[in-house]
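# Close look at the chain arrangement
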Amino acid sequence: MRRFGSPSGRRLVAGIPLAWLAVLFLVPFLIVLKISFSEMRLAVPPYAPLFASHHGVPVPELHLSNYAFLVSDPLYASAFLYSLKVAAVSTAVCLLLGYPMAYAIARSRPSRRTVLLMLVMLPFWTSFLLRVYAWIGLLQNDGIINNVLLYLGLIHRPLVMLQTDFSVYIGIVYSYLPFMVLPLYANLEKHDPALLEAAADLGARPFARFLRITLPQSVHGIAAGSLLVFIPAIGEYVIPSLLGRTDQLMIGRVLSDEFFENRDWPLASAVAIVMLLLLVVPITLLQRSERRELEARR
Amino acid sequence: MSAAGEAAREGEGPYLRIEGVSKRFGGFPAVDDVSLSIGRGEVFCLLGGSGSGKTTLLRLLAGFETPDRGKIYIDGEDVSAVPPYRRPVNMMFQSYALFPHLSVEKNVAFGLEQERLSRQEIRQRVGEMLEIVKMAAYGPRRPHQLSGGQRQRVALARALVKRPKLLLLDEPLAALDRKLREHTQFELLNIQKRLGVTFIVVTHDQQEAMTLASRMGVMDHGRIVQVGTPSEIYEAPATRFVADFIGSVNLFEGRVTEARADGLDIHCAEIGAEMRLACGPSSAAADGTPALTHGALALARGVPAVARGATVWVALRPEKIQLSRPGAPGSLTGIVKEIGYMGGVSTYLVEIASGKLLRVTLPNSARQSEHQISRNDTVSLSWHSASPIVLLR
Amino acid sequence: MRSPGYFSRAMLGVGLVFLYVPILSLVVFSFNNSRLVTVWDAAHSPTLKWYAALLANGEILDAAWLSIRIALAAATAAGVLGTLAGVALARHGPFRGRTLLAGMTTAPIVMPEVITGLALLLLFVAMEQAIGWPRGTGAVTITLAHTTFCMAYVTVVVQSRLAGFDESLEEAAMDLGAAPATVFRRITLPLIAPAIVSGWLLAFTLSWDDLVTSQFVAGPGSSTLPMVIFSKVRLGVSPDVNALATLMVLAVAIGISAAALLLRYRERRRQRDMQLAAAGSS
């Protein structure tokens with residue numbers, strides 16, 4: 001099919017971003033993959049070259065030692081499992097809070113919808129780091145929440161909330177709630193109200209209408225929103241660093257510690273590769289749902 | 001007036017010539033070996049269902065697609081590989097494709113600006129053109145400030161202001177409501193005559209095609225199945241597809257029992273009769289009165305080349321059938337099963353002995369008369385011997 | 001059927017309170033006199049002393065200036081690259097490398113930042129070894145890294161804006177005699193301009209806000225504002241950070257209010273236009 005644009009001009013339009021992403025996105029991952037099979041060296045850079053020169057002939061040296069180490073040391077398995085748990089719980093909480101929010105916005109008067117959506121989006125434009133930081137002041141032992149509760153006489157001793165699982169859930173739900181609400185809203189807003197009227201006409205009570213009409217139709221929105229929360233939550237670094245436990249690390253923190261504290265680049269790379277493998281399925285699912293969404297708009 | 005006549009009067013070849021053009025999309029033949037000639041000043045309609053290839057053919061002419069095979073000549077020049085912005089052809093899009101960020105005036109001026117005309121001339125020509133389409137008062141408005149009919153006229157003005165010799169119109173009236181559509185059809189023809197532009201109109205609406213076209217081409221599965229004037233195509237369809245696509249038709253399958261130089265004998269089990277076809281304008285009109293028959297057919301267009309034993313189809317338009325009280329012995333009779341009142345005419349579904357249902361339309365002047373036909377009446381069916389058409393495909 | 005249930009409305013209220021209480025607490029306690037961020041010193045508050053301290057803090061100001069420069073450069077580069085990618089994806093039909101481009105433009109959005117950061121640093125190290133550039137890590141590598149993940153957002157915004165417009169607009173322009181470059185300049189670009197602007201703003205915000213990727217690819221002496229804040233707040237709350245947060249919230253609030261006013265004005269005009277169109281059809 002002839003599209004507008006001369007062939008050379010068209011090639012440039014697609015070619016420049018393609019080249020940029022190939023060099024700064026694709027190649028880096030190949031390097032990570034490569035280094036994950038290398039060994040740590042006390043050198044600059046701190047890893048062994050992948051090809052050892054053997055009588056002038058390059059011979060690949062593949063070490064599986066990093067992966068073997070990941071399997072043998074329970075620290076890593078526990079960090080992976082803990083990350084999965086945190087991401088799953090946070091996603092579930094986000095959904096339980098975000099769904100009614102999106103529903104309420106989608107069913108409100110059109111003039112009010114824009115304002116409500118903006119209110120949900122607004123925190124996203126302010127610094128993520130500072131918003132997470134705000135929770136330290138709220139949650140710490142002599143923090144605002146404890147002070148208020150003590151003042152009201154509801155508790156007599158401060159609750160320990162900071163550096164617990166609870167504070168990590170709070171941080172993730174708080175930071176990623178807009179990502180749950182927006183796709184759900186986009187989905188719910190398209191629902192035809194006549195369907196609910198038809199269901200009511202056929203004798204369905206409000207809860208049955210929700211369960212049998214609204215919920216099944218919003219499956220795609222639920223999937224998109226959940227993936228948008230779950231995927232970044234797995235690799236979250238800032239939130240557990242500021243709010244999380246010190247006795248149980250999440251995998252993003254493990255990677256960063258291996259890299260910055262232990263200077264073990266090959267092991268950090270191996271952690272990254274395993275993390276990527278974990279995320280391949282959800283990321284593919286997300287891309288498929290986004291493509292569907294984009295095609296539906298055409 | 002036929003295209004050939006038109007072209008001959010201009011004293012030159014056809015203005016647009018399409019030679020053996022094919023276009024495939026992923027193995028699917030969208031346009032399949034199409035050849036076509038269109039003369040100056042014609043209004044040519046490409047008629048077909050969705051997926052028939054009519055829009056692809058139009059896009060090939062505009063230059064948005066390049067043919068896989070074949071050539072397109074405009075005014076004798078091969079334009080097959082010429083990009084759309086260098087073709088002397090303009091198009092009016094089905095969606096109108098008005099630039100939403102430009103005013104009506106700027107939309108119309110866009111094409112002239114590409115020709116690098118002087119500001120003065122552009123303003124003058126835009127003004128004239130908006131006058132012609134009666135949109136002069138709306139120059140500063142944006143497209144979304146216009147109604148559907150107004151947008152249609154701006155789109156027409158934008159395409160015509162470049163004074164193309166050939167204007168392509170993709171479903172020009174599809175987005176308008178019915179009342180407006182009828183009115184606009186005639187307006188479109190007026191402007192076409194006034195400016196002397198050749199129109200190629202793509203439409204799926206046979207009524208629209210009949211009204212607009214000086215000639216039309218019926219497309220199916222990427223091929224042009226028949227080209228002719230609207231009356232040629234209606235009265236003498238070339239295939240069962242055309243007969244069925246344009247208007248409604250009763251089709252009877254038959255077998256050729258005898259093929260002679262001057263006629264055919266067809267056994268038509270569905271009518272339950274032997275039909276004798278003779279070559280000539282009419283079989284039994286020696287006294288000048290039209291023969292009403294169901295046995296004999298006149299072959300106005302000569303004897304088709306068909307062998308004995310071949311399967312053919314006899315096509316008969318519903319309005320060509322007469323209904324009367326049964327009387328004449330040996331005549332074809334049937335029982336009226338349904339009557340559909342449609343205002344000016346009524347449609348009758350008549351079941352004949354073979355079980356076949358025939359569709360018959362009669363004007364409703366007869367409906368008020370004393371021999372009114374009602375459901376379950378037994379009626380005689382007859383038709384003029386020149387009315388049925390024999391179709392080989 | 002339009003009115004939402006009480007439950008969902010209540011949850012919306014809870015959700016919004018949840019979203020805004022932390023931000024509000026930052027703002028309120030930025031005016032607190034006490035160094036203990038969480039104890040309101042009623043006798044000496046409100047005070048602007050933390051704002052004064054902030055403005056005297058050279059480290060924070062330097063970091064903020066570096067962050068602004070990086071964000072400007074990265075957002076602009078990402079705007080150009082993302083626009084090209086968005087146009088290619090939305091308008092070029094199937095072409096070789098399309099799937100790759102589509103995949104690579106959405107992947108950075110969901111990729112955990114620790115992985116992106118690690119991968120980019122390893123790339124920069126390998127590049128320096130191989131071709132001697134970039135020499136060391138710093139503002140340049142941070143900008144390159146930010147451009148890469150920001151362009152993904154611009155691409156998505158531009159692509160979805162273009163998907164909302166019929167491609168026949170560009171075809172019509174060509175049909176009227178405009179060559180491809182003219183079509184892009186006079187039709188495509190004006191159509192996607194709002195998307196480019198919002199993509200740029202988004203990219204600027206993301207770059208300005210980025211911590212993790214920057215930490216990996218920043219060298220010694222090139223600390224961005226989030227890096228400085230992070231190292232401060234890791235040790236606990238700090239009132240001058242509250243002051244900084246308040247200033248940033250204020251900036252965003254002003255920007256959003258301006259955008260909201262513009263939107264409202266546009267909406268009014270749109271409604272008037274629709275009335276005009278309706279009047280025209282009668």
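Calculation criteria
- Residues numbered from 1 in each chain as written.
- Chains lettered and ligands numbered in written order.
- Predicted model: local features only at pLDDT ≥ 70, side-chain atom pairs only at ≥ 80, totals over all residues.
- Heavy atoms only, no water.
- Domains from an automatic or database assignment.
- Contact = heavy atoms within 4.5 Å.
- Buried area = accessible area lost by both parts, 1.4 Å probe.
- Salt bridge = Lys/Arg side-chain N within 4 Å of Asp/Glu carboxyl O.
- Polar contact = N/O pair within 3.5 Å; in protein donor to acceptor, adjacent residues only side chain to side chain.
- Nonpolar A, V, L, I, M, F, W, Y, C, P; charged D, E, K, R; others polar.
- Phe/Tyr/Trp six-rings, centres within 6.5 Å; stacked < 30°, edge-to-face > 60°.
- Helix = DSSP H or I, 4+ residues; strand = E, 2+ residues; numbered from the N terminus.
- Buried < 20%, exposed > 50% of the residue type's maximum accessible area, 1.4 Å probe, protein only.

Time to look at the domain arrangement of chain C. Residue and element names in this part refer to chain C. Looking at chain C, the domain boundaries give domain 1 (61–166 + 194–233) and domain 2 (238–269). Centre-to-centre separation of domain 1 and domain 2, based on C-alpha positions: 24 Å. Counting residues at the interface gives five residues for domain 1 and five residues for domain 2. The largest contributions to the domain 1 side of the interface with domain 2 come from Trp208, Ile229 and Lys232, which together make up 69% of the buried area. In this structure, Lys232 engages Asp240 in a salt bridge whose closest nitrogen and oxygen atoms are separated by 3.4 Å. The interface formed by domain 1 and domain 2 contains one residue pair in polar contact (both at pLDDT 80 or more). Residue composition of the side of domain 1 that touches domain 2, grouped by class: four nonpolar, no polar and one charged.

Here we take up the packing of aromatic side chains. All names here are of chain A. The tally for this structure, following the rule as stated, stands at 20 aromatic pairs over all chains. Between Trp135 and Tyr174, the aromatic rings sit 5.4 Å apart at their centres with planes inclined by 75°, giving edge-to-face as the arrangement. Note that Trp135 is positioned in helix 5 (residues 128–139) and Tyr174 in helix 7 (residues 165–189), a separation of 39 residues in sequence. As far as the burial class goes, Trp135 and Tyr174 line up, both buried.

With 24 residues of chain C at the contact, the number on the chain B side is 29 residues. The contact between chain C and chain B buries some 2,300 Å² in all, and 60% of this surface belongs to carbon and sulfur atoms. Per-residue buried area on chain C facing chain B is highest for Asp175, Leu176 and Arg186 of chain C; these three make up 32% of the total on that side. Joining chain C to chain B, the criterion identifies two salt bridges. Put simply, Arg186 of chain C and Glu113 of chain B hold a salt bridge, and the shortest N to O gap is 2.5 Å. In this structure, the connection of chain C to chain B is made through 11 residue pairs in polar contact (both at pLDDT 80 or more).

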